[in-house]
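Descriptive structure summary
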Amino acid sequence: FAGLADVSISEDIPVEGEITVPVGSHSPDEDYSTLDEPVRDTIMRDLKAVGKKFVHVMYPKKSSALLRDWDLWGPLVLCVSLALMLQGGSADSKDDGGPQFAEVFVIIWFGAVVITLNSKLLGGTISFFQSLCVLGYCVLPLTVAMLVCRLVLLAGSGTISFVIRLIVVVAMFAWSTLASTAFLADSQPPNRKALVVYPIFLFYFVISWMILTFTPQ
Amino acid sequence: QGGGSAVIDMENMDDTSGSSFEDMGEMHQRMKEEEEEEAEGEAGAAEEEDGEFLGMKGLRGQLGRQVADQVSAAPCSSPLREALPAFSLYANIDILRPYFDVEPIQVRARLLESMIPVKMINFPQKIAGELYGPLMLVFTLVAILLHGMKTSDTIIREGTLMGTAIGTCFGYWLGVSSFIYFLAYLCNAQITMVQMLSLLGYGLFGHCITLFVTYNIHFHSLFYIFWLGVGGLSTLRMVAVLVSRTVGHTQRLILCGTLAALHMLFLLYLHFAYHKVVEGILDTLEGPNMPPFQRVARDIPVISSAVLNTTAKAVALTQ
């Protein structure tokens, strides 16, 4: 600053200007308080987020949208719809209805919890709810398979329908497993991916088994 | 990994690969093999013994892994996790972490080893205290059982198919492990609870194979061959390992006889309780006067149908 020593300001020019730093516009307020917006906006925002994640599951690419903003709405909706569709399909008609729904619900959630715990114990870097979110969303192909099976069963329940259902369920099972592997395997140490993929395979296998062996009363 | 403590919990060291008790046995085994190899002209294995004297290398390895686990902080992946009041869950997870520290190659090796009975029973055999493999095998058994129950149209009167399958498999694994551990305590056998859980869990690999094959191919003679062959091999392996860790003939007999009986009978039970053949029995569960098998495939020889009849009667009477 030696060169500025001879710069002088004449005393009759007032020094003026804004001392305060201009605050960024209204956006921080809008982000933190969503109480004032219409309910429709809130719901639509959440629905759009859920819809975007559904699209990510159906076309699994290595994106981090599912992981970054996890939510459990999608898994809940899928689990409830799957459990409702699987209801009433037991061979013994004396004790169906209640246990079937609770059974499916409990299996899905406890299965997801066990897989998450397993992947954490094996040294995974993903958090508990992120993993639950991914596993829940990847039930979507199997829910679609259940819908298709139900429709096929409306048409009749012979060998051909069984073959169609088998093909559809196997394809959707493979899709689910691949989709969840695409999201979850990256968070594991590279030499232990197989150890994490196997329980996921078993989990979706059991759900696929429940779908395939469903016979309406 | 918020909430991890810096104290190294020495209780997790019951993987006795670090203790001198077993390493003496292993060293003896290796020295014997070495003598045999020297007779054939190979003497290269001697140098490796120095680093493992008294198992110090094993001890350092285990300690080092534990320190690395607890000191190196994995990056926090989500701030939400810290806000959750679920710290007790994470504290408990850390207790189980050493038992899941495996590589896929190790799991595969242990699966294959579980079918090979060891020959050397005079010195204690090593058991890996690992829980990943046994847990996955129990879940696989549940899946196979469900498949078998559905293809045989088993009718479960109280409860659900899923609940029965899970209850049976986990009940067997945890219950029989605890029971044999208790007997081992009475018979002064050198085995810890985790090792027993691991041993019995890997012993279920034989059950998985047998049931997977025989639920799909319904020949009864095939089942008996698999029962004796595959089931017998995995039972022999467990028995040999237990015998190597027990002193005294009576104790060995009690412990191994019980384990062998329970393991083989469980396989028999799984096949018969959830299989097509038993359809007739579950429907006519009235009394001890059982009609002989009528809905059975025609390739059964006379002897095995007599055995089937007596087994079925026994099963019906106990239910």
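Residues numbered from 1 in each chain as written. Chains lettered and ligands numbered in written order. Predicted model: local features only at pLDDT ≥ 70, side-chain atom pairs only at ≥ 80, totals over all residues. Heavy atoms only, no water.

This part takes up the overall build of chain B. Broken down by element type, chain B carries 12 helices and 0 strands. Taken from the N to the C terminus, the helices and strands of chain B come in the order α-α-α-α-α-α-α-α-α-α-α-α. Among the 319 residues that make up chain B, the fraction classed as buried is 41%. Here the contacts in chain B between residues at least 6 apart in sequence split such that 78% fall between residues at least 24 apart. Of the roughly 16900 Å² of accessible surface on chain B, a fraction of 65% belongs to carbon and sulfur atoms. (Helix = DSSP H or I, 4+ residues; strand = E, 2+ residues; numbered from the N terminus. Buried < 20%, exposed > 50% of the residue type's maximum accessible area, 1.4 Å probe, protein only. Contact = heavy atoms within 4.5 Å. Areas by Shrake-Rupley, 256 points an atom, 1.4 Å probe, with all protein chains shown as cover.)

With that settled, the discussion passes to the environment of Ala128(B). Residues and elements named next belong to chain B. Along the polypeptide, Ala128 turns up in the loop between helix H5 (104–113) and helix H6 (132–151). In this structure, the C-alpha to C-alpha distance between Ala128 and Tyr99, residues 29 residues apart in sequence, is 9.2 Å. In contact with Ala128, not counting residues within four places along its chain, are Arg110 and Ser198.

A few words on the confidence of the model for chain A. For chain A, per-residue confidence averages 81 on the pLDDT scale, and residues scoring 70 or more make up 82% of the total. The low-confidence segment residues 95–99 of chain A, where pLDDT is below 50, has 8 contacts with residues more than four positions distant or belonging to other chains. (pLDDT = per-residue confidence, 0-100.)

Let's shift gears to the UniProt feature "transmembrane region" (unreviewed entry) in chain B. Residue and element names in this part refer to chain B. As recorded in UniProt, the feature "transmembrane region" (unreviewed entry) lies at residues 131–149, 161–187, 199–218, 224–244 and 253–274. In residues 131–149, helix accounts for 95% and strand for 0%; the two terminal C-alpha atoms are 27 Å from one another. Counted over residues 253–274, helix gives 95% and strand 0%. Its end C-alpha atoms are 31 Å apart. (UniProt positions renumbered as here; feature names shortened; annotations may be inferred.)

Now for unusual backbone geometry. All names here are of chain B. Look at Asn188: it is not a glycine, yet its phi comes out positive at around 60 degrees. Relative to the helices and strands, Asn188 is located in the loop between helix H7 (161–186) and helix H8 (193–214). Since its relative accessible area comes to 60%, Asn188 is described here as exposed.

All right, on to the pattern of salt bridges then. This structure, assessed with the given rule, holds 5 salt bridges over all chains. The closest approach of N and O atoms between Arg192(A) and Asp101(B), which form a salt bridge, is 2.7 Å. Of this pair, Arg192(A) sits in the loop between helix H8 (159–184) and helix H9 (193–212) while Asp101(B) sits in the loop between helix H4 (87–96) and H5, on two different chains. For Asp101(B), a relative accessible area of 24% puts it in the partly exposed group. Ionic pairing is found between Glu130(B) and Arg110(B), a salt bridge with its closest N-O pair at 2.4 Å. With Glu130(B) in the loop between H5 and H6 and Arg110(B) in helix H5, the pair connects residues that are 20 residues apart, well separated along the chain. Pair check on accessibility: Glu130(B) and Arg110(B) agree, each one buried. Shared partners join several salt bridges into a network, and the residues in it are Arg192(A), Asp101(B) and Glu103(B). (Salt bridge = Lys/Arg side-chain N within 4 Å of Asp/Glu carboxyl O.)

Looking now at the nonpolar core. In terms of nonpolar packing, the biggest core is built from 118 residues, with Tyr204(A) and Leu146(B) touching the most fellow members. Excluding its chain neighbours within four sequence positions, the residues that come into contact with Leu146(B) are Val206(A), Trp209(A), Leu161(B), Met162(B) and Ala165(B). (Core = buried A, V, L, I, M, F, W, Y, C linked by side-chain atoms within 4.5 Å.)

This next bit is on the environment of Gln130(A). Residue and element names in this part refer to chain A. Structurally, the position occupied by Gln130 is in helix H6 (residues 128–137). When the C-alpha atoms of Gln130 and Trp70 are compared, they prove to be 5.7 Å apart, with 60 residues separating the residues in sequence. A distance of 3.2 Å separates the side chain of Gln130 from the backbone nitrogen of Ser127, its partner in a polar contact. (Polar contact = N/O pair within 3.5 Å; in protein donor to acceptor, adjacent residues only side chain to side chain.)

This part is about the UniProt feature "transmembrane region" (unreviewed entry) in chain A. All names here are of chain A. Under the present numbering, the feature "transmembrane region" (unreviewed entry) in UniProt falls on residues 70–89, 101–122, 134–156, 162–184 and 196–215. Along residues 101–122 the backbone is 95% helical and 0% strand, and the end-to-end C-alpha distance reaches 32 Å. For residues 196–215, the helix share is 85%, the strand share is 0%, and the end-to-end C-alpha distance is 32 Å.

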